[in-house]
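Structural characterization, general
Letter by letter, the chains look like this.
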Protein chains: 2
Amino acid sequence: MITIRKAANDDWPMIWEVIGPIIRAGETYALSRDMSEDDAQKYWMGSDRETFVAVDDGDILGTYYIRANQAGGGSHVANCGYMTKTKMTGRGIARTMCEHSLLYARSAGYRAMQFNFVVSTNERAVRLWQFLGFEIVGRLPLAFQQPSGNFVDALVLFKALAAQRGSHQ
Amino acid sequence: MITIRKAANDDWPMIWEVIGPIIRAGETYALSRDMSEDDAQKYWMGSDRETFVAVDDGDILGTYYIRANQAGGGSHVANCGYMTKTKMTGRGIARTMCEHSLLYARSAGYRAMQFNFVVSTNERAVRLWQFLGFEIVGRLPLAFQQPSGNFVDALVLFKALAAQRGSHQ
C-alpha cells in the first residue's frame, strides 16, 4: 500500500537512493549527470518547491516536487518532477504520485500543470501523462542529448486543472 | 549607432532603468512585479548566465542575457531574455540584440535557441522572433495572467542554429 506524504529532511538518504541513479544515468532528466549529492538535495528539496515521497512499508519508492513553473503572471501554473526507484517501475508509483500532485495542485490554487521537458524516448512516462489527461502542447526538436550522444526531441505537456476563463489569444 | 557589449557590474543602475519599468508593468515577463531591485539584479546578472547591453552614445537602451536553457542533456540549447527601454521600442534595438545573441550562441557552441514563455499578446516580439527564424513549437493555454486579470496563452519559440544530426522521435 503506497502512501504519499511530505518529505522531511531526514528522508534525504532514501530520496537520494531514488534520484541518484536516475540523475547519474542521464536518460530522462536534463540534469547534470555528475551533479554532487549536495547540489541534488538543494535542487530536489529547494525552498522554491514542496517535496513529497511515496512510501511503502517504510521504504521510499518514489519522490516528486511541485512548484510554480513561472513567477509573476505565470505563477498559477504548477510544475512537477517525479522519480521512481529504478527497480520499482511498473507498480503504479508514478501514477499514484502524479494523481496526488494533481489533487494537491488544485487544493493549492493552481489552475494548470505543465511539464517543460519530457524526453520523447521516455515512452512509458509520455503514455502515463497522456492517460492522466496531459496534452502534448509543444515539441522541442532534438533538444535532449542522450548519454549515447544521440539527439532526440523533448515534449512540453500541459493539463488544465480548473474551468478556465479568459480569451485564447 | 547601437553597439552590443558584455555588461559590467557598474552598468546595473542603467540596466535597472531598462528592466525595472518592464518588470513593474508585468505585461510581458513572468516575473514578480514587486521583486526588489536586488533580486532583479541577481536574476538578470546571475552567475548562471552572461549579460549584454545595447549601448548608443553611452546610454544603455537595451539588455539581454544568455544561458543554457537546461542542464545535462539539454545544455546545448540556449535561452535568452531581452528587454528594450520602454520609450525606445521600434528602433531595432531588440532585433540587434537578438541577432547578436544568435551569433554569440553559435560561437559558444549552442546548437539551438529556445524562448520558453513569450506572452502571445506581445505581438511585436512574436513577429520579430519569427522574422529572425524562430518557430512557434508550443502553445501554453492561458498560462499567463495579465495585470488586468485576464488569462492569455504563452508561446514556446525555437530556432536551430546548426545543421543538426539525430533522429526525430
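For the structure, see preceding data.
Residues numbered from 1 in each chain as written. Chains lettered and ligands numbered in written order. Predicted model: local features only at pLDDT ≥ 70, side-chain atom pairs only at ≥ 80, totals over all residues. Heavy atoms only, no water.

All right, on to the relation of the copies chain B and chain A then. Its rotation angle being 180°, the transformation that places chain B on chain A also includes 0.0 Å of axial translation and leaves an RMSD of 0.0 Å. On this basis, the relationship between the two copies can be described by a two-fold rotation axis. Closest approach to the rotation axis among the C-alpha atoms of chain B is made by G138(B), whose C-alpha sits 1.9 Å away. In this assembly the copies share their binding face: 100% of the residues contributing to the interface of chain B also contribute to that of chain A. (Least-squares fit on C-alpha atoms with pLDDT ≥ 70 in both. Contact = heavy atoms within 4.5 Å.)

Glancing now at the interface of chain B and chain A. Across the contact, 37 residues belong to chain B and 37 residues belong to chain A. For the pair chain B and chain A, the summed buried area comes to about 3,100 Å², and 56% of that belongs to carbon and sulfur atoms. At the junction of chain B and chain A, the tally comes to zero salt bridges. Inspection of the chain B/chain A interface yields eight residue pairs in polar contact (both at pLDDT 80 or more). (Buried area = accessible area lost by both parts, 1.4 Å probe. Salt bridge = Lys/Arg side-chain N within 4 Å of Asp/Glu carboxyl O. Polar contact = N/O pair within 3.5 Å; in protein donor to acceptor, adjacent residues only side chain to side chain.)

To continue, consider the pattern of salt bridges. Applying the stated rule across the entire model yields 18 salt bridges over all chains. Through salt bridges that share partners, D48(A), R49(A) and R67(A) make up one connected network.

Taken as a whole and assessed by the stated rule, the structure comprises 28 aromatic pairs over all chains. A centroid spacing of 5.5 Å and a plane angle of 35° characterise the contact between Y64(A) and Y82(A), whose relative ring orientation is tilted. Here the residue Y64(A) occupies a position in strand β3 (residues 59-68), and Y82(A) occupies one in strand β4 (residues 77-84), the gap between them amounting to 18 residues. As far as burial versus exposure is concerned, Y64(A) and Y82(A) are alike and both buried. Here a set of aromatic residues connected by ring pairs shows up, and it is made of F52(A), Y64(A), Y82(A), Y104(A), F115(A), W129(A) and F134(A). For R49(B), the ring lying beneath its charged end belongs to Y65(B), and the centroid distance is 4.5 Å. (Phe/Tyr/Trp six-rings, centres within 6.5 Å; stacked < 30°, edge-to-face > 60°. Helix = DSSP H or I, 4+ residues; strand = E, 2+ residues; numbered from the N terminus. Buried < 20%, exposed > 50% of the residue type's maximum accessible area, 1.4 Å probe, protein only. Lys NZ or Arg CZ within 6 Å of the ring centre and 35° of its normal.)

Further remarks concern helix α4 (residues 123-131) of chain A. All names here are of chain A. Taken residue by residue, α4 has A125, V126, L128 and W129 as its buried positions. Along the axis of α4, the buried residues cluster in a sector spanning 165°; they form a single face. The exposed residues of α4 that point more than 90 degrees off its buried face are R124, R127 and F131. The elements touched by buried residues of α4 are β4, α3 (93-107), β5 (112-119), β6 (135-145) and β7 (151-160). Immediately beyond the C-terminal end of α4, within one or two residues, lies G133, with a positive phi of roughly 100°. (Arc of directions from axis to C-beta.)

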